[in-house]
Structure formats: structure tokens, C-alpha cells
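One-letter residues, chain by chain:
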Amino acid sequence: MAADRQAPSILGFPHRPEWGAAAHRKALAGHLRRCREHARIGTRQAARCIDTSDSTLSRMENGLAALKRADVKRLVDEYGVRDAEERQRMAVLVREAAQPDAWQPYAHAAPSALRQLLAMEPAARRIVSYEPQLVPGWLQTAEYARIVIRAANPTMPAEEVEGRVQLRVQRIAMLRRQTDPPTLLAVMDSEVFQREVGSPGVMHRQIEHLLKLLEELPYRLRLHVAPLTVGAAGAIGHPVVHLRFFAENYLPDMVYLEQYEGALYREKPSETERYQAVLNNLVGVANPIEQTATLLQQALIEWRKRCR
């Protein structure tokens, strides 16, 4: 029983500005919830403490609402958190959580359904992605991205399209970080390299780009090509992204499920584990990673012929 009542601690969550504001906000939010539960204080009492509603407090405890320094101080006072080091770490996380999220420089263009993924992916230790139709966004050239975005949004103003292109192509920068870069494991259907996006020249340059990235990021980028023979394993039908974070004790796995009109997010362990198993199965039946460069070279030759 004593172990069950051990006070929660946030000291194990490191201060990593490169992970982004959302990761710090989410880690602190979960910690505040655990502190409240440890103190056996209900949501109504805690909400009254900072003059807000139960629903706003719930959003705060799930990392979906801003955490003000004064509110955090009043809450930890109410929860009986006295340790100076703990309080100092929380103050650091409040300050980091107030920084702009990764998508905010592109706020005019960032799709609302994608913002949670954009905000959290800088804190990922491993990203597993399945894309049945297109090259994954992180790996697209600007011209390929421009064509894809315009096709999905034919009436979108040109300025907004360009904003989305810039946002999409800069996401690869996190793999080039010197500190704590994530690993991206991407699975693409073989049809991705047969589907003409824009023109044969666009496809040729896109595949060249993938080959260059494989050379540049051999340990951070791992690509699998899934042939049509994988059958039902590849019949997911929509893009799936599974994120696992560096500070996984504070940040639960997250799954992003792309839909035509938006996206769904899953964080319950029972759901994220299920999608992880589906993706693991798909990786297992896809072509071995050692064959990817050869398959891309073969596709490159075919598109080069069509460029003539």
C-alpha cells in the first residue's frame, strides 16, 4: 500500500527544447493529474482552486489547454507538493510549454487535423509510418508535395498551398538533429512508385530524393516497400503513424489515423498496441530493408525511360 501512495515525480522528464512545447505541456499535464490523484482531490475542488470549470481542468490535464504559471503554482500548493526541486522542474516545463508549437510558424497553412501530430513528432524516439498511396509527407520533394496538396485541395489559395508545401518539406529536419533525432521507419506500397504524380520527371526526381535520403540518413531513415503479394496485411486502406517517445514514462504512445476529412488520434495502450502489432506485421511481410535501394533504382530506371 505504501508503494501505491508514493508521490509522483517529474524529475525524470528532461528539459529538451528540441522536443517542442507540446511534449513538455503533455508531460506536465499528466504529472499534475497524478499529483491531484495522489492527493485524493477531485476535479471539482481542483477546478475551483484556479477558478475554472471541470471541463477546462480536464483539458489541462490532457495537455489540450494552456498551462499558466500562476495556475500551476496554485494547483501544486493545493496538492501539497513541497519539494523545491520538483517545483522548479515544473516551472521550467511551464516555460517550455508556452513556446510556439512546431506548426505555429505555418499557422495559416497547417491543417487543424494534423497539428497534434506536427506538435508531438519532434519528441518521438521512433516513428513508424504506413502509406498506401503516396510517398510519406516527411520524404516528399517540394514539387511532389505541391501536386499532392493541390489535388486534395483544388480551390485552396496558392499562398496556402505554398505554406503547406514549406511545412511538409521542413519536417525531415528533425531526422538531421544532432541531439536525440528520431528514427523513421516508413512502409510504402510498391504502387506508390508506379503511380504518376505530376509527370515522369516529378517521379524521377522524387525517387532520386529518396535514394539521397537513404544515403544521408542510413540509421535514422529505414524504408520498406510492400509488394502487392502482402495481401490482407497491406489492406489497411489509409495512412497510419505510430509514435513512441523518448520519455515514454511521461508520454504515452500515440497513433495518428488519417482520414479524408480529418484525422483520428489514439493514446489508450490497448489501441496503440493493436496498431503497433498491425504495423509490425506489415513490416514483417514487406520486402527486406536491404532491398529498398535496389527497388528504388529499378523504379528510377523506368521513370527515366518515360522522361524521354
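One structure accompanies this document, and this report is about it. (Residues numbered from 1 in each chain as written. Predicted model: local features only at pLDDT ≥ 70, side-chain atom pairs only at ≥ 80, totals over all residues. Heavy atoms only, no water.)

### Notes on the packing of helix α7 (residues 142-152) against helix α8 (residues 158-170)
Now for step 1: At a closest axis distance of 9 Å, the pairing of α7 and α8 adopts a crossing angle of 130°. Taken together, the axes of α7 and α8 lie oblique to each other. The element α7 and its partner α8 pack so that their crossing is right-handed. Together, Ala-142, Ala-145, Arg-146, Val-148, Ile-149 and Arg-150 of α7 and Ala-158, Val-161, Glu-162, Arg-164, Val-165, Arg-168 and Val-169 of α8 make up the contact between the two elements.
Now for step 2: Here the contact of α7 with α8 is composed, by residue class, of eight nonpolar, no polar and five charged. (Axes fitted to C-alpha atoms, helices over the stretch in contact; angles between N-to-C directions. Helix = DSSP H or I, 4+ residues; strand = E, 2+ residues; numbered from the N terminus. Parallel < 35°, antiparallel > 145°, perpendicular 65-115°, else oblique. Left-handed = near helix turned anticlockwise from the far one by under 90°. Contact = heavy atoms within 4.5 Å. Nonpolar A, V, L, I, M, F, W, Y, C, P; charged D, E, K, R; others polar.)

### As for the packing of aromatic side chains
Now for step 1: Scanning the model with the defined rule gives four aromatic pairs in all.
Now for step 2: Centre to centre, the rings of Phe-13 and Trp-19 are 5.9 Å apart; their planes meet at 75°, and the pair counts as edge-to-face. Comparing Phe-13 with Trp-19 shows no difference in burial state: the two are buried.
Now for step 3: Between Phe-13 and Tyr-250, the ring centres sit 5.7 Å apart and the planes meet at 75°, which makes this aromatic pair edge-to-face. Taken together, the residues span a long stretch of sequence, with Phe-13 in the segment before α1 (21-38) and Tyr-250 in the loop between β4 (240-245) and β5 (254-259) at a distance of 237 residues. A single burial state applies to Phe-13 and to Tyr-250, both of which are buried. (Phe/Tyr/Trp six-rings, centres within 6.5 Å; stacked < 30°, edge-to-face > 60°. Buried < 20%, exposed > 50% of the residue type's maximum accessible area, 1.4 Å probe, protein only.)

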